[in-house]
Amino acid sequence: MDTLLQQLINGLTLGAVYALVALGYTMVYGIIGLINFAHGEVVMIGTMVAFTVIVSLAGSGMPPLMILGIGLLISVVVCMALGWSLERVAYRPLRGAPRLTPLITAIGMSMVLQNVAMIIWGRNYITFPPMIEKHIFHIGGATFTNVQVAIVTLAALVMLGLIYLVHRTRLGMAMRATAQNPQVASLMGVDINRVIAMAFVIGSALGAVAGCMVGSYYEIAHYQMGFMLGLKAFTAAVLGGIGNLAGAMAGGILLGVIEALGAGYIGQLTGDFLGSHYQDIFAFIVLIVVLMFRPSGLFGERTGDRA
Amino acid sequence: MSEPQILLQAHDVAKHFGGVKALHDVSLTIRRGEIYGLIGPNGAGKTTFFNCLTGLYKNESGHFVFDGVKLTADAPHKAAEVGIARTFQNIRLFGNMTAIENVMVGRHLRTHAGVLGAITRNRATMAEEAAITRRAEELLHYVGIHERAHDHAKNLSYGDQRRLEIARALATEPKLLALDEPAAGMNGTETEALRVLVEGICKDGVTVLLIEHDVKLVMGLCGRVAVLDYGEKICEDVPAVVQKDPRVIEAYLGGSVA
Amino acid sequence: MNEQLKKAAPWQRHWLAVVLIGVVLLAVPFVAALGGQAWVRIANFAILYIFLALGLNIVVGYAGLLDLGYVAFYAVGAYVYALLASPHFGLHLPFWVILPLGAAIACLFGMLLGAPTLKLRGDYLAIVTLGFGEIIRIFLNNLNAPINVTNGAQGITLIDPIRIGDFSFADTTTIFGLDISGPQKYYFLLVALAIMVIIVNIRLQNSRVGRAWQAIREDEVAAKACGINTRNIKLLAFAMGASFGGVAGGVFSAMQGFVSPESFSLMESITILAMVVLGGMGHIPGVILGAILLTALPEVLRYGIEPLQDALFGRMIIDPESLRMLIFGLSMVLVMRFRPAGLWPSPQRRRELAESAN
């Protein structure tokens, strides 16, 4: 029983991170139908920037929470700029190109970002300096830390903010309109270019937040970390029905929980034939099974063939 | 006459989209060798009926009996297999393939060459390929666009695209050719040419089901006509009777007033 | 006269080009050997990638199915060969049993994955195939306990070379006073395989099945209405691509004598896909060009960057490995930016693009 609770807590933490990253994929996909493969790398850059800021401020005598806050803020700003430039430089010139063209560009950008990160931050694991004292809470045989609480709370707040933005502001309305039908939206006076750029900028900001969370949760960072994280998050977005914001949130949390439960129980389930090294396959197996029965994801609209 | 007189029977076909009833227990009978018209105001359910018949949609209740056999067609390619070919309201050609290639795709169903044949180019495959090309050429002649055989489908004029779609459908050797608003967007001359073509097809032994907006064309061409309104069949008879039916007049006038 | 020319097969019309290509193909391994056997191996990989890319071209270029897990089938072929012809299990089956077996098992995996997932729309299929590739890799990495099947991350060593009687592809043989090394022999084997896959690609393109693929790519609903069983036809493309991947994997195993999961990462799938797209999807010469460039570029950079930095700055300023990958990624972005249909697209695709731009 205590394993179950423990894995649920860990899964929720991980899921909150996935959900934030998944939102970045889903916003861009919902509006221009592009799998932004480089998004995972944006998250990685977010972690790295936060790391650099925190390390360089660590000896300044500022209160730790303030340092963390500054790190988060700078990382968000850098990623927003990065997202904006990605769209402007790499993707915008390719509108109307064959479907696979921007995908290859995205893959190319992902390699570029990864290797730039490696040149700047090196090829070794980077250890995050612990800024806040860790408190461990006990609940029914399971434990959780204040870091986990902070991650889940912050993720919830950020997602609420996004929901507000999409449903209650002019920009959000423009985004929803563009996702429905770009031509009509532009006839109605929506500046499509701005909406698309904003989708990248907002998605990257969420990614930066997620990147900081990963950094403070695992306390390490690596130039290749964005790859698997991005892959899982994209899986989460597809799981929830890509293009659907609520779907990405639910898909992220679901994936985190499934992964944690899977890692906790796979040994028992297979009579110790398979161990917890197989944690990474759950995401993909769940994905394949879900799509077999719900081809548009859990919360995606069923798009039937139109004659 | 050993073949049954009736080619297609629809029994109480119903289809909903969410809460909206698109088709409400529609029954109708198409006889072999006739041109049967299906008309009705916009949104009356004509295309939905088509899509159920050709397996693109799954109807919730009711069934079709085609050529004496109950259709279990749950996939569009099976409908084509039993002999129902169709065209689309908003022309769906393979735009980046040439006209003749479009028709050759239509021959897919009635030919057999597989991967091995294609790779080894054995005699049977080459003979079949030649037959496919020949038949496609004939069909392009038949609909009158053989001069455009090697143009990309998307570069054909609107009227020629409609004809190409018909040629492609005929290539599947259908017993029933279902045309979804073939005259939409055509001018008077083109419509007249289309009328001649459809009459010819019928004369050559293919039964035609025609959905059309152009009431004049339907009345002049069809032996019998059914009228759909709000997903229900309100009338089925020869054109002269249908034209005078008060319910039909009501449906059309009511529709235009609202 | 003109009529006769038209009827002649392309190779009859362009016999001079054919002869030239033949001479170049013959000369490559001997010219490359002047720079050391390492260059012959690079040439071999270029041809192996041509083979893989043209196999994937059937799936992506012809049938329009975005497969991001192609490397899974390559891995299956490689491990089938490795397990059945190495001391790992003490089995040493001959290549003419294992290569077809590897292709068949890869084909089976392709069908198992394809049957339930091919109805998914493009991007979903992409992520599912990607996930499948990762699943296979993770299994290869971890199936060393409790029963040691794949030997985990260490991989399998001492894999038998391809051998016909006493003629082994691993040793140097002297024919007419000419020393032909192991890699050079594999080179000729690979060229033969590549020519085979080129013929298959060409012949499929203008066939009943090839037209059906193209029709599905253009408009799936209309293809169904024409009576094409789209699921089966897609599955056929998928299974064919998988079989080619399986054969390539087997040859890779034999040629290297060593396999490990590291060779079958997602990056590998992406590289092969990039070859297809970068070169010009669906256009055979373009795909070949893409495969050669993407194999050669990293190698040229590998040998070029260090001396260049040395000459410019007198020391290594930037880690050469990252710089190499950086330039590789950047060139992918640039090619797509300025040649969105690929470096050498088919004339038809070029036209399509020009029209859609207007």
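Residues numbered from 1 in each chain as written. Chains lettered and ligands numbered in written order. Predicted model: local features only at pLDDT ≥ 70, side-chain atom pairs only at ≥ 80, totals over all residues. Heavy atoms only, no water.

Caption draft 1: Structural context of the overall build of chain A. Counting its secondary structure elements, chain A contains 11 helices and 4 strands. In terms of overall dimensions, chain A is globule-like: its C-alpha atoms have a radius of gyration of 20 Å, near the 19 Å expected for 307 residues. Summarising its shape, the C-alpha atoms of chain A cover approximately 55 × 50 × 35 Å along the three principal directions. Looking at the 307 residues of chain A, the share that counts as buried comes to 53%. (Helix = DSSP H or I, 4+ residues; strand = E, 2+ residues; numbered from the N terminus. Rg over C-alpha atoms; globule rule 2.2 N^0.38 Å. Buried < 20%, exposed > 50% of the residue type's maximum accessible area, 1.4 Å probe, protein only.)

Caption draft 2: Spotlight on the overall build of chain B. Helix and strand counts for chain B stand at 10 helices and 10 strands. Taking 18 Å as the expected radius of gyration for a compact globule of 258 residues, we find that chain B reaches 19 Å, a close match to that expectation. Principal-axis analysis of the C-alpha atoms places the extent of chain B at approximately 65 × 40 × 40 Å. By residue count, 55% of the 258 residues in chain B fall in the buried class. Across chain B, contacts joining residues at least 24 apart in sequence account for 68% of those joining residues at least 6 apart. On chain B, roughly 11,300 Å² of surface is accessible, and the fraction owed to carbon and sulfur atoms is 53%. For chain B, the centre of its 29 positive side-chain charges and the centre of its 32 negative side-chain charges are spaced 3 Å apart. (Contact = heavy atoms within 4.5 Å. Areas by Shrake-Rupley, 256 points an atom, 1.4 Å probe, with all protein chains shown as cover. Lys, Arg positive; Asp, Glu negative; His and termini not counted. Charge placed at Lys NZ, Arg CZ, Asp CG, Glu CD.)

Caption draft 3: Broad picture of the sheet that holds strand 9 (residues 224-229) of chain B. Residues and elements named next belong to chain B. Reading across the sheet, the 6 strands line up as 6-7-8-3-9-10 and stay open at both edges, with mixed pairing between neighbours. Edge positions in the sheet fall to strand 6 (84-86) and strand 10 (232-237), since each of these pairs with one other strand and no more. Neighbouring strand axes in the sheet, compared pairwise and without regard to direction, differ in orientation by 20° on average. Two strands pair when backbone bridges link them, and strand 3 (residues 35-39) and strand 9 are joined in this way by 4 bridges, in the parallel orientation. (Pairing = 2+ DSSP bridges. Axes fitted to C-alpha atoms, helices over the stretch in contact; angles between N-to-C directions.)

Caption draft 4: Layout of the pairing of strand 3 (residues 142-145) of chain A. As defined by bridge partners, strand 2 (residues 136-139) of chain A adjoins strand 3 of chain A across 4 bridges and the pair is classed as antiparallel. Within strand 3 of chain A, the residue paired with I139 of chain A across the bridge is A142 of chain A.

Caption draft 5: Looking closely at the confidence of the model for chain A. In the predicted model, chain A carries a mean pLDDT of 86, and the fraction of residues at 70 or more is 94%. Of the regions scoring below 50 in pLDDT, residues 302-307 of chain A engages in 16 contacts with residues more than four places distant in sequence or in other chains. (pLDDT = per-residue confidence, 0-100.)

Caption draft 6: Main features of the environment of E173 of chain B. Residue and element names in this part refer to chain B. Among the structural elements, E173 can be located in the loop between helix 6 (158-170) and strand 7 (176-180). Classification of E173 as partly exposed rests on a relative accessible area of 42%. Residues E173 and A183, spaced 10 residues apart in sequence, show a C-alpha to C-alpha distance of 22 Å. Apart from the residues lying within four places of it in its own chain, the contact partners of E173 are R107 and R110.

Caption draft 7: Region of interest: the interface of chain A and chain C. Counting from both sides, the interface comprises 51 residues of chain A and, opposite them, 54 residues of chain C. Between chain A and chain C, a total of about 4,400 Å² is buried, with carbon and sulfur atoms accounting for 77% of that surface. The interface formed by chain A and chain C includes 0 salt bridges. Across the chain A-chain C interface, the total number found is 1 residue pair in polar contact (both at pLDDT 80 or more). Looking at the side of chain A that touches chain C, the elements with two or more residues in it are helix 4 (100-121), helix 9 (225-240) and helix 11 (279-293) of chain A. Counting residues per element, the side of chain A that touches chain C draws most heavily on helix 4 of chain A, at 14 residues. Looking at the side of chain A that touches chain C residue by residue, the classes come out as 34 nonpolar, 11 polar and 6 charged. (Buried area = accessible area lost by both parts, 1.4 Å probe. Salt bridge = Lys/Arg side-chain N within 4 Å of Asp/Glu carboxyl O. Polar contact = N/O pair within 3.5 Å; in protein donor to acceptor, adjacent residues only side chain to side chain. Nonpolar A, V, L, I, M, F, W, Y, C, P; charged D, E, K, R; others polar.)

Caption draft 8: Summary view of the domain arrangement of chain B. Residues and elements named next belong to chain B. Here chain B is described as being made up of domain 1 (1-83 + 175-258) and domain 2 (95-173). With centres defined by C-alpha atoms, the gap from domain 1 to domain 2 works out at 27 Å. Summing both sides of the interface, domain 1 and domain 2 together bury roughly 1,200 Å²; the carbon and sulfur share of this comes to 64%. Where domain 1 packs against domain 2, one counts 7 residue pairs in polar contact (both at pLDDT 80 or more). For the side of domain 1 that touches domain 2, the secondary structure elements donating two or more residues are helix 2 (76-82), strand 7 and helix 7 (188-203). When residues in the side of domain 1 that touches domain 2 are grouped by element, the largest group, 6 residues, is from helix 7. In the side of domain 1 that touches domain 2, the residues fall into 11 nonpolar, 3 polar and 6 charged. (Domains from an automatic or database assignment.)

Caption draft 9: Region of the structure containing unusual backbone geometry. Residues and elements named next belong to chain B. Phi is positive for D12, close to 45°, though the residue is something other than glycine. As for its placement among the helices and strands, D12 is situated in strand 1 (residues 6-17). Classification of D12 by relative accessible area gives partly exposed; the value is 43%.

Caption draft 10: Focus on the interface of chain B and chain C. Opposite the 35 residues of chain B that make contact, chain C presents 30 residues. Overall, the association of chain B and chain C removes approximately 2,800 Å² of surface from exposure, summing both partners, and the carbon and sulfur fraction of that is 61%. Here chain B and chain C share 2 salt bridges between them. The salt bridge involving R211 of chain C is made with E129 of chain B; its shortest N-O contact spans 2.7 Å. Counting the contacts that link chain B with chain C gives 9 residue pairs in polar contact (both at pLDDT 80 or more). For the side of chain B that touches chain C, the elements supplying multiple residues, two or more each, are helix 2, helix 3 (99-106), helix 4 (115-120) and helix 5 (123-143) of chain B. Classifying every residue of the side of chain B that touches chain C by side-chain character gives 15 nonpolar, 12 polar and 8 charged.

Caption draft 11: Layout of the sheet that holds strand 5 (residues 69-70) of chain B. Residue and element names in this part refer to chain B. Sheet architecture is open: 4 strands sit in the order 2-1-4-5, paired in antiparallel fashion. Two strands bound the open sheet, and with one partner strand each, they are strand 2 (20-31) and strand 5. Where strand 1 lies against strand 4 (residues 61-66), 5 bridges are found, and the strand directions are antiparallel. Among the inter-strand pairings, H11 is bridged to a residue of strand 4, identified as H63.

Caption draft 12: Representation of the packing of aromatic side chains. All names here are of chain B. Counted according to the given criterion, the structure contains 21 aromatic pairs over all chains. Measuring from ring centre to ring centre gives 5.7 Å for F49 and F64, while their planes differ by 70°; the resulting arrangement is edge-to-face. Highlighted residues: F49 in helix 1 (residues 46-53) and F64 in strand 4, separated in sequence by 15 residues. Relative accessible area serves as the criterion here: at 0%, F49 is assigned to the buried category. (Phe/Tyr/Trp six-rings, centres within 6.5 Å; stacked < 30°, edge-to-face > 60°.)

Caption draft 13: Structural detail: empty space enclosed by the protein. Residue and element names in this part refer to chain A. Under the definition given, this model contains 6 cavities of 30 Å³ or more. The space that makes up the largest cavity amounts to roughly 90 Å³. Considering the residues around the largest cavity, the lining is formed by Y25, I35, F37, E41, S110, G226, F227, G230, L231 and F234. If you tally residues by element for the lining of the largest cavity, the top one is helix 9, at 5 residues. Classifying every residue of the lining of the largest cavity gives 6 nonpolar, 3 polar and 1 charged. (1 Å grid on protein atoms, 1.4 Å probe; cavity = no way out; pocket = protein on both sides within 12 Å on 5 of 7 lines; lining within 4 Å. Points joined across faces, edges and corners; volume = space filled by probe spheres on them.)

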